[in-house]
Amino acid sequence: MFENIIDQGAVLQLRDDILNSRNAPSMLFFGQSNLGKGSAALELARVLSCENDAALKCACSSCESHRYLQHEDLLVLGNRSFAMEISACYSAYSRNPSNAGCKHLFFRSLRKLLLRFSPILMEDDPKLSKISSVLQSFDEKLGDFWINSQNCENDALKKLCDSLVKDALVLENDGIGNIIPIGHIRKASYWCRLAPSGKNKTLIIENAENMREEGRNSLLKLLEEPPVSVNIVLTAQRREAIMPTILSRLRPYRFIKRSEESEKEVIRRVFQDNINEKPVEKGNSLVNAYLNSFMPQKNETLYPLAACFIVSIMRTVSIYMKKNGIKTIPEIINSIGLRYAPIAKETGIDSSVKGISLIKTIVSKSGNFENDSFSSFIKICLDQINDVTRNVNDPHGIKCNDIFKKNTSEAVTAVDVLNINVTSALENLYFKLKKDLIRG
């Protein structure tokens, strides 16, 4: 068991706890991104529901269902990015179309996304009406892919795969918000209290730090009295980001950065590829660099506009600090500004434009955020901040990340739920971020 998780001490401890009947009903897997937390949680679900000895290649019906992420006793929720993983898995399948492992890898990457739209979670979800047609089409195409993928050289199959990847991006951008909805937590709690179809149920909540207070309180009620037939796994990048009362009810497992050679082995074994021998940013990992190379151009207009928005805020904060006698500007402020300044130039917006004038220019160049693209713009902003904060050894980075998460979530709610004008919402976000970053 857990042989598919390469060079991670946390899973060795987890395996030992299971073999010695010490496994906890509720756990926290924490550590930076792309360290195997999600894969370990899915493997744990398979192991705990196995009808035999939980061997990696066990052929029992329960293990088979879990390998295809189609088991009735598995529920996964939480916001995360899928685009890069799906693109990397599709690339592996395209290079090796006759390889059953690459086919399965691509299929699983798509199923991981589809799990977020389980009927259990999506009932009465306000986003369902917007994405229902794409969701139904995606599900049908995924079934067609698995049935017809033996015909590896078929042009129609390539078109089908390209369409699946395109639909996946739509579902991620339009169907997954920045904050875990309270409704998903409540529905998951109800699901946990229903009898399992097999031995055991597993609830996985990824990026569990992305909840509002009401969501955390609802989860806490479940953790206080978890059903005996359910195991609950939360994942997070930082242990400290989890509310203390929730944390006290979880057994923590820390996932640490792998060695360079182990990361190369992950890329070789999982993606059937070799990473280009080129330097990566300080603090970054080879796996992150590899996946980032598959980053899709979500929107050729929004990406540089998001960079412009962020760079302007960082410049404004830096100027304010210098004018007020603060001699040492936090490293994270300078790092973010330097990272995205070249991309911001692609917008053609003069760097001296800021504040309300900048916001109006961004809104204009975005086409007034047509097709409900405001949430996509905000998600790109968060992704850009995350890409820098996770790679900079600066305690201010954590605070900066938290400030952006809190304020951008409120901005999305203002537009999507309260129907606030996008210009007003973005202006408010700009000045709130500036104020909180200066205070922080």
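Residues numbered from 1 in each chain as written. Predicted model: local features only at pLDDT ≥ 70, side-chain atom pairs only at ≥ 80, totals over all residues. Heavy atoms only, no water.

Looking only at helices and strands, the protein has 19 helices and 5 strands in total. For 440 residues, the compact-globule estimate of 2.2 N^0.38 gives 22 Å, and the C-alpha radius of gyration of the protein, at 22 Å, lies within 12% of that figure. For the protein, buried positions account for 53% of its 440 residues. Put simply, of all contacts in the protein between residues at least 6 apart along the chain, 76% involve residues at least 24 apart. Counting every atom, the protein has about 20,600 Å² of accessible surface; 49% of that belongs to carbon and sulfur. (Helix = DSSP H or I, 4+ residues; strand = E, 2+ residues; numbered from the N terminus. Rg over C-alpha atoms; globule rule 2.2 N^0.38 Å. Buried < 20%, exposed > 50% of the residue type's maximum accessible area, 1.4 Å probe, protein only. Contact = heavy atoms within 4.5 Å. Areas by Shrake-Rupley, 256 points an atom, 1.4 Å probe, with all protein chains shown as cover.)

Read from one edge to the other, the open sheet built from 5 strands follows the order β2-β3-β4-β1-β5, with strand pairing classed as parallel. The two strands at the open ends of the sheet, each matched to only one other strand, are β2 (74–77) and β5 (251–254). Neighbouring strand axes in the sheet, compared pairwise and without regard to direction, differ in orientation by 15° on average. Pairing of β2 with strand β3 (residues 201–205) involves 4 bridges; the strand directions are parallel. Bridging across to β3, valine 76 finds its partner in isoleucine 204. Each of β1 (26–30) and β5 touches helix α1 (residues 9–19); the most contacted strand, β5, lies at about 140° to it. (Pairing = 2+ DSSP bridges. Axes fitted to C-alpha atoms, helices over the stretch in contact; angles between N-to-C directions.)

Before going further, it helps to spend a moment on the confidence of the model for the protein. Looking at the protein, pLDDT values average 88 and 94% of them are 70 or higher. Mean pLDDT across the elements of the protein ranges from a minimum in helix α13 (residues 286–292), with 82, to a maximum in β3, with 97. (pLDDT = per-residue confidence, 0-100.)

On to the nonpolar core, then. Among the nonpolar cores identified, the biggest contains 46 residues, and Phe309, Phe377 and Leu426 are the most heavily contacted of them. Residue assignment for this core shows that the elements contributing at least two residues are α14 (302–323), α15 (331–344), α16 (355–365), α17 (374–389), α18 (395–416) and α19 (422–439). Top element by residues in this core is α14. It accounts for 12 residues. Beyond its immediate chain neighbours, meaning those up to four positions away, phenylalanine 377 contacts Leu302, Leu305, Ala306, Phe309, Ile362, Phe369 and Leu426. (Core = buried A, V, L, I, M, F, W, Y, C linked by side-chain atoms within 4.5 Å.)

The next subject is α19. Spanning 18 residues, α19 covers 26 Å between terminal C-alpha atoms, matching the ideal 26 Å at 1.5 Å per step. Lining the buried residues of α19 we find α14, α16, α17 and α18. (Expected span 1.5 Å × (residues − 1).)

With that out of the way, let us pick up the pattern of salt bridges. Side chains bearing opposite charge may pair, as long as their charged atoms lie close to each other. Following the criterion strictly, the structure yields 23 salt bridges and no others. Residue glutamate 209 pairs with lysine 405 through a salt bridge whose shortest N-O separation is 4.0 Å. Of the two residues, glutamate 209 sits in the loop between β3 and α10 (213–224) while lysine 405 sits in helix α18, which places them 196 residues apart along the sequence. The exposure class assigned to glutamate 209 is buried, which follows from its relative accessible area of 15%. What makes lysine 405 partly exposed here is its relative accessible area of 22%. (Salt bridge = Lys/Arg side-chain N within 4 Å of Asp/Glu carboxyl O.)

The contact between α1 and helix α2 (residues 37–49) brings their axes to 12 Å, and the two run at 15°. If you check the angle between α1 and α2, you find them roughly parallel. Classified by chirality, the crossing of α2 by α1 is right-handed. On the side of α1, the interface is formed by Val11, Leu14 and Ile18, while α2 contributes Ala40, Leu44, Val47 and Leu48. Of the residues contributing to the contact of α1 with α2, the split by class is 7 nonpolar, no polar and no charged. (Parallel < 35°, antiparallel > 145°, perpendicular 65-115°, else oblique. Left-handed = near helix turned anticlockwise from the far one by under 90°. Nonpolar A, V, L, I, M, F, W, Y, C, P; charged D, E, K, R; others polar.)

Our next topic: the packing of aromatic side chains. Evaluation of the coordinates by the stated rule reveals 15 aromatic pairs. Centre to centre, the rings of tyrosine 90 and phenylalanine 106 are 5.0 Å apart; their planes meet at 20°, and the pair counts as stacked. Taken together, the positions of tyrosine 90 in helix α4 (residues 83–95) and phenylalanine 106 in helix α5 (residues 100–115) put the pair 16 residues apart, joining distant regions of the chain. In this structure, tyrosine 90 and phenylalanine 106 share a single accessibility class: buried. (Phe/Tyr/Trp six-rings, centres within 6.5 Å; stacked < 30°, edge-to-face > 60°.)

The residue asparagine 428 is located in helix α19 in this model. In this structure, the C-alpha to C-alpha distance between asparagine 428 and isoleucine 356, residues 72 residues apart in sequence, is 9.5 Å.

This brings us to α14. With 22 residues, α14 should cover 32 Å at 1.5 Å per step; its first-to-last C-alpha distance of 32 Å lies within 8% of that length. Most of α14 is tucked away, with 16 of its 22 residues classed as buried. Just beyond α14, the residue with positive phi is glycine 325, at close to 80°.

Glancing now at the packing of α14 against α17. Interhelical geometry of α14 versus α17 gives an angle of 60° and a closest axis separation of 9 Å. Here α14 is positioned oblique relative to α17, judged by the angle of their axes. Crossing of α14 over α17 shows right-handed handedness. Contacts from Leu302, Tyr303, Leu305, Ala306, Ala307, Phe309, Ile310 and Met314 in α14 reach Ser376, Phe377, Ile380, Cys381, Gln384 and Ile385 in α17. Grouping the amino acids of the contact of α14 with α17 by side-chain chemistry returns 12 nonpolar, 2 polar and no charged.

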